[in-house]
Amino acid sequence: MLTVKDRSLIFLGDFLFLFVIFAIESLAYNIMLLNVISFILITVSLLGLVRLFLLLRKSKDYGNEQRQVKSIDDRTNLYVMYMISLISLIPLFVGKNWLYQSSAFLIIMIIIYSIYINSDLLFYNPVLGLLGYKYYKITTPDGNEIFVIASRNKKINVNDNVKFFMVTDYIFLYL
């Protein structure tokens, strides 16, 4: 349903805060090349966020599905884990050996990209967490597992019959 371009944009949108920190660091060391790269990353990241929100908004146009909830696993705490993983990358930013640190950062981002691009992790955007969205893994009576992004004022309970909007084949939105 999503193209590689869309997935890549959404992936980069997940790292907006990290790129802002990178920009601050590169400004502090006044390395022009890194300043340009960091602001390009921020711009592309913002485009990724826009793409994500357009995708969520457009999902209402695709229609909805009624699903019964057999079991539910609240995965909202993974937003915190996501932020911790971002914080762990901060030492790889510019400094005395900015070329080596930037190279290591790029390699780690490529590895993270290869893991996230085809998984549910792609939608663990910290901005969604800050806006109060919750993330659930739901099992339906037929044994299917789906992931649900729910707005802050929605609660999902076991045995509820819920109307979800399809975002991708396995990611749904509950408004």
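For the structure, check the block above.
Here goes a summary of the coordinates provided.

Analysis parameters
- Residues numbered from 1 in each chain as written.
- Predicted model: local features only at pLDDT ≥ 70, side-chain atom pairs only at ≥ 80, totals over all residues.
- Heavy atoms only, no water.
- Pairing = 2+ DSSP bridges.
- Helix = DSSP H or I, 4+ residues; strand = E, 2+ residues; numbered from the N terminus.
- Axes fitted to C-alpha atoms, helices over the stretch in contact; angles between N-to-C directions.
- Expected span 1.5 Å × (residues − 1).
- Buried < 20%, exposed > 50% of the residue type's maximum accessible area, 1.4 Å probe, protein only.
- Arc of directions from axis to C-beta.
- Core = buried A, V, L, I, M, F, W, Y, C linked by side-chain atoms within 4.5 Å.
- Contact = heavy atoms within 4.5 Å.
- Patch = residues over 30% accessible without salt bridge, like charges linked within 9 Å, V, L, I, M, F, W, Y side chains within 5 Å.
- Areas by Shrake-Rupley, 256 points an atom, 1.4 Å probe, with all protein chains shown as cover.
- Salt bridge = Lys/Arg side-chain N within 4 Å of Asp/Glu carboxyl O.

Overview of the sheet that holds strand E5 (residues 161-166)
Sheets are built from strands that pair by backbone hydrogen bonding, the pairs being arranged parallel or antiparallel.
Phase 1: With mixed pairing, six strands are arranged side by side in an open sheet as E1-E5-E6-E4-E3-E2. Edge positions in the open sheet fall to strand E1 (64-68) and strand E2 (71-74), since each of these has one partner strand only. Strand-to-strand twist of the sheet, defined as the mean angle between neighbouring strand axes without regard to direction, takes the value 40°.
Phase 2: When E5 meets strand E6 (residues 171-174), the two strands line up antiparallel, connected through two bridges. Paired with Phe165 across the bridge in E6 is Leu173.

Description of helix H5 (residues 98-116)
Phase 1: With 19 residues, H5 extends 26 Å from end C-alpha to end C-alpha; this agrees with the ideal 27 Å at 1.5 Å per step.
Phase 2: The complete set of buried residues in H5 reads Gln101, Ser102, Phe105, Met109, Ile112 and Tyr116. For H5, the arc enclosing every buried residue in end-on projection is 95°, short of the 170-degree limit, so these residues lie on one face. Set apart from the buried face of H5 by more than 90 degrees, the exposed residues are Leu99, Tyr100, Leu106, Ile107, Ile110 and Ser114.

Things to note about the nonpolar core
Phase 1: Counting residues in hydrophobic clusters, the biggest one holds 29 residues, and the most contacted among them are Phe123 and Ile149.
Phase 2: Contributing elements (two or more residues each) for this core: helix H1 (4-13), helix H2 (16-29), helix H3 (32-58), H5, helix H6 (126-130), strand E4 (145-150) and E6.
Phase 3: Once residues lying within four places of it in the same chain are set aside, the contact partners of Ile149 are Leu56, Phe123, Leu128, Tyr133, Lys134, Tyr135, Ile171, Phe172, Leu173 and Tyr174.
Phase 4: Ranked by size, the runner-up nonpolar core spans 11 residues in total, among them Ile146, Val148, Ala150 and Tyr174.

Some details on a nonpolar patch on the surface
Phase 1: A cluster of nonpolar side chains, namely Met32, Val36 and Ile40, defines an oily patch on the protein surface of about 300 Å² accessible area.
Phase 2: Secondary-structure assignment places Met32 in helix H3.

These results come straight from atomic positions and should not be treated as a statement about function.
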